[in-house]
Amino acid sequence: MTDTSRPGVRDEEILSLEGVSLWLSGREILHDVAFSLRAGELTGLIGSNGAGKTTIFRVILGLETPSAGKVLFAGHPRQRRSKSIGYVPQSIGLDPDVPLRARDLVALGLDGDRFGIPLPSRSRRQLVDEVLEAVDAQGFADARVGKLSGGELQRTLIAHALIAKPRLLLLDEPLASLDIRSEQEVVGLLAKIAKAHAIAVLISAHEMNPLLPVMDRVVYVASGRAASGPTEEVVREDVLSALYGHHVDVLHVHDRILVVAGKDETHHTELERTRTVVPRGLG
Amino acid sequence: MFSGFMVNAWIVATMVAVVAGIIGFFTVLRGSAFVAHAVPQAGFAGAAGASLIGVSTLAGLGTFAAISALSIGFLGKRGRHDAVTALTLVFMLGLGALFLSWSEEYASAIYALLFGEVLGVSSNQVLATAALGVVCIAAVVILYRPLLLTSVVPEMAEARGVRTHRMELCFLVVVALVTTMSVPVVGALLMFSLMVGAPGAARSFTDKPLSALSLSVGISVAIVWTAIAASYETDWPVGFFVGVLGAVFFIAGRGWVAWRRSAAGRVDSTGHLATGPMQLATATGMNGEPT
Ligand SMILES: Nc1ncnc2c1ncn2[C@@H]1O[C@H](COP(=O)(O)OP(=O)(O)O)[C@@H](O)[C@H]1O
Ligand SMILES: [Mg+2]
């Protein structure tokens, strides 16, 4: 995808959530969540398991309707049917025997919602090849999707989302099941895509360190509340302590950030999942 | 073997095989093999009930097939519907058993509904089967891409605005239609084996969706033709041959996959051996969870 049919203005506001609250089965899952995403920027949606990350994606996609607040897409209330938002879910539970190659899955991203059997077309094939190239997937384009490694499948799914030329790309825990090398490949790829196509990219993760080198902004979620802004303005002791409702330490070790609960903390277990103690020492 | 009443048998059985091969492709893709078992059973109960009160068995069959398919669709709305499917299956089997006990004089007709009556098809049946077959094939051709999309990546389909549940209901209605056209010919039990055996085998032989679909049709037709010919020669029931051949193709497919994997493994092993353990060490040693 070397050409971008929609040049997209850098820094243009693509999506904004304003005071979004969501009640499900009598529980407030999200409380007063507000943030905005801009074209060409990569934003990390950071929080431990159960914090509300996936729910935020579902609200953005229009699969859940907020009990209060607004979701604006390019300044307008979002519509349910929209190909302008690409979404890669946390896990897709793929049947390993499904007779489908990586390139077929990508092609379904282009016109999978249309009726009729697709006729072989050169322009369609070319477009698929371009997107496969953009995510560096030519090497396994003809492999069965069930045989792909975690990183290869992730890149195929990104291509599936990308081929519809979205203005916003949502990825739910794309790094969760990857080894370090694929993790870095996928992160680098997403940063490249955000810049090259002026797409707003929102990536959720329970660990922010892999995203630090490329993340323009962060939305930090804890128990359904969120703080957002540039990383250095959000990942601070005062901001996160206020968000968690108790004291947390923010430690900088080498190039990494550790968020750790204070000594006499009762909510210790929740925080544990968000920190990493051992630096990776890769360079 | 190709004269007189046998001509109808060949024509109808071929149409059933083609449609079963096509719909079966999606049945297996969607993990709905169990549904393809329950709906024909319901059709059987409906046909038994219809013959009991003296109305057209085809109508009874279609009604019950549709009711069961739609109740599976609506009751199993959230996620997996295997419990609802099982319940439908058991309920319909019970109903079929009840109707059966009331109408002993129809025993041979009932037997035909379960195991098929390929060798005794009338010209009227040829027309009815053809009409239903055309509707089923048209539905699948139209819904091909959304069905594929919602089968493989349902969440991504939903996110872009495809109504996955509506698609599921459409699919279930088509399964009910296919059932209605096929059960009078091949019977409830064989319908199931055609809809699962052929596509299950086909997906082992190719990675491409359209090729797998075509191969599924080819295998299905091959099974039915061979079964009819063998049945004609031996006087054994067609059902026996359909069931056995379905299993044979499926096992052959698995064998083919296993053989290809071991062949590929021999080629790969030298290249991949070196990187394997190292990656493992990086992953566990440097990304370890804190305690
Ligand atoms: N449909 C629902 N009904 C009730 N609670 C829900 C529902 N969906 C999610 N939750 C709850 O909302 C919280 C946030 O979930 P989720 O957004 O999946 O977290 P994360 O993705 O950050 O791990 C969890 O406590 C979860 O149990
Ligand atoms: Mg989640």
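Residues numbered from 1 in each chain as written. Chains lettered and ligands numbered in written order. Predicted model: local features only at pLDDT ≥ 70, side-chain atom pairs only at ≥ 80, totals over all residues. Heavy atoms only, no water.

When helices and strands are tallied, chain B shows 11 helices and zero strands. The secondary structure elements of chain B, listed N-terminal to C-terminal, are α-α-α-α-α-α-α-α-α-α-α. Counting only residues that meet the buried cut, chain B has 49% of its 291 residues in that class. Look at the contacts in chain B between residues 6 or more apart in sequence, and 78% of them connect residues 24 or more apart. (Helix = DSSP H or I, 4+ residues; strand = E, 2+ residues; numbered from the N terminus. Buried < 20%, exposed > 50% of the residue type's maximum accessible area, 1.4 Å probe, protein only. Contact = heavy atoms within 4.5 Å.)

Residue and element names in this part refer to chain A. Along its sequence, chain A is carved into domain 1 (1–84 + 166–244) and domain 2 (93–163). Between domain 1 and domain 2, the C-alpha centre-to-centre distance is 25 Å. Counting the surface lost from both domain 1 and domain 2, the interface buries some 1300 Å², and carbon and sulfur atoms represent 66% of this. At the boundary of domain 1 and domain 2, one finds one salt bridge. With a closest N to O distance of 3.4 Å, Arg155 and Glu185 form a salt bridge. One can count two residue pairs in polar contact (both at pLDDT 80 or more) joining domain 1 with domain 2. For the side of domain 1 that touches domain 2, the secondary structure elements donating two or more residues are strand S7 (168–171) and helix H5 (180–197). Here the element with the most residues in the side of domain 1 that touches domain 2 is H5; it accounts for seven residues. The residue inventory of the side of domain 1 that touches domain 2, partitioned by class, reads 11 nonpolar, two polar and four charged. (Domains from an automatic or database assignment. Buried area = accessible area lost by both parts, 1.4 Å probe. Salt bridge = Lys/Arg side-chain N within 4 Å of Asp/Glu carboxyl O. Polar contact = N/O pair within 3.5 Å; in protein donor to acceptor, adjacent residues only side chain to side chain. Nonpolar A, V, L, I, M, F, W, Y, C, P; charged D, E, K, R; others polar.)

Further remarks concern the environment of Arg160(B). Within the secondary structure, Arg160(B) is located in the loop between helix H7 (154–159) and helix H8 (164–205). Excluding residues within four positions of it along the chain, Arg160(B) makes contact with Ser82(A), Lys83(A), Leu108(A), Gly109(A), Leu110(A), Gly112(A), Asp113(A), His160(A) and Leu149(B). Only 3.3 Å separates the side chain of Arg160(B) from the backbone oxygen of Leu108(A), close enough to count as a polar contact.

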